[in-house]
Structure formats: structure tokens, C-alpha cells
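# Examination of the molecular architecture
What follows is the residue order along each chain.
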Amino acid sequence: MDMKTEVDAAEARIRPYVRETPIEESRALGRAGGGRVYLKLENLQVTGSFKVRGAMSKLLTLTPAERAGGVVTASSGNHGAAVAYGLEALRIPGVIYVPENASPAKIANIRSYGAEVRTHATDSGLTEIFARRYARENGRVYVSPYNDPMVVAGQGTLGEVLGRRPGT
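Description of the structure in this document. Small disclaimer: the values here were computed from a predicted structure and weren't measured. (Residues numbered from 1 in each chain as written. Predicted model: local features only at pLDDT ≥ 70, side-chain atom pairs only at ≥ 80, totals over all residues. Heavy atoms only, no water.)

## Observations concerning the sheet that holds strand 3 (residues 71-74)
Defined as follows: A pair of strands is treated as paired once DSSP finds two or more bridges between them. Secondary structure elements follow DSSP: runs of H or I no shorter than four residues count as helices, runs of E no shorter than two count as strands, and numbering proceeds from the N terminus.
Taken together, the four strands give an open sheet; going across it, the order is 5-4-3-6, and neighbouring strands pair in parallel fashion. Each edge of the open sheet is held by one strand with a lone partner, namely strand 5 (116-119) and strand 6 (141-142). Here strand 3 pairs with strand 6 via two bridges, running parallel. Bridge assignment links valine 71 to a residue of strand 6, and that residue is valine 141.

Here it is in C-alpha cells:
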């Protein structure tokens, strides 16, 4: 697998669903580090984090049958919101599992996209294991927050701006 090719394909795939966020120089961090430091303001992304890039990339690669069957994910917040946004945008059924002690603000953000949220365990690793098993037993696709080439390719689109001038 050529990851550069995958990132380029992901960029084209997700473009209609994500924001092009600005890059700003941080003089304070630059002074502290003895160089120039730029921040990619993904906090301005539609769901508040870069995670929407990976989630949309994966969701957009699902077959019609996989979409119809629905998806499952596990998250303590940002990935869950990203998947929820994608489920709403693409009209895919799905379930987002969160740990029982997840931040109420993060859960509210996930629910704001109309997603079904379920809780399991207080350890995010156990929540993920449970969600993966639920997906497998119910014939649904599990959307990993980190361990999937299409998710990684989508998140890699964040770095596509490195060749451009800051601020574009």
C-alpha cells in the first residue's frame, strides 16, 4: 500500500465534508523552541477535531451493503463525534460506544449529530473490545479510531498542507 496515494485519494474523498482549516504561526511556541512553530487549527473543524478526516475517509469507502448494515465504533469523544457526523451526513445507521465515565460534554457532542450512544465499562480499551465484538456479532463494520488504513489516510490529509504557505 502506498500511503501517499491513499492520502491523496482520501483528500479528494473527504473534501466535501471537512473544512480547510487555517495554519497560524505561534510566536510564543517558536520563541520557546528556538524556531518557527505553526499550528494547524483543527479545533475549527466541523466536529472540533482532526478526527473527522479519518472517520469520513473510512465511511466513504464502505460498500452500499456495508452502509446499509450499519457501523459501530468506540470512542471517549472526538472520534465518536466524527463518526456521528459522518453517519448523519451519509445516512448510515450506527452505534457509538463510550466508556461509562466519558465526558458529558463529549457525549453531548456525539448526540448532537443524532447518533445512538451506548456505554460500556470505565476503561476505553474494554469499551473498544466490547464494541468490536458487538459489531462482529451483529454483522456491522467496526470503524477504528486509529487501526485502519482508510482512517489513517484520512487523518494524513492534515499534513497535505505542509507544501503550502502558512494560512492557506
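From this point on, the discussion continues.
## Some remarks on unusual backbone geometry
Residues other than glycine seldom take positive phi values, yet arginine 91 does so here, at roughly 55°. The residue arginine 91 is located in the loop between helix 5 (78-90) and strand 4 (94-98) in this model. Phi is positive for alanine 121, which is not a glycine, with a value near 60°. The topology assignment puts alanine 121 in the loop between strand 5 and helix 7 (124-137).

## Describing the nonpolar core
As a reminder of what qualifies: In this text, buried Ala, Val, Leu, Ile, Met, Phe, Trp, Tyr and Cys residues form a nonpolar core when linked through side-chain atoms within 4.5 Å. Summary of the burial criterion: residues with accessible area below 20% of their type's maximum are buried, those above 50% are exposed, and those between are partly exposed, where the area comes from a 1.4 Å probe applied to protein chains only. Residues count as neighbours in contact if any of their non-hydrogen atoms are within 4.5 Å of one another.
One finds Leu59, Val71, Ile96 and Ile110 to be the most contacted residues of the largest nonpolar core, which totals 28 residues. Those elements giving two or more residues to this core turn out to be helix 3 (51-59), helix 5, strand 4 and helix 6 (104-111). Broken down by element, the residue count for this core peaks at seven residues, all from helix 5. If sequence neighbours within four positions are ignored, isoleucine 96 has contacts with Thr73, Gly80, Val83, Ala84, Leu87, Ile110, Ala115, Glu116, Val117 and Arg118. Val72, Ala74, Val95 and Tyr134 belong to the second largest nonpolar core, which has eight residues in total.

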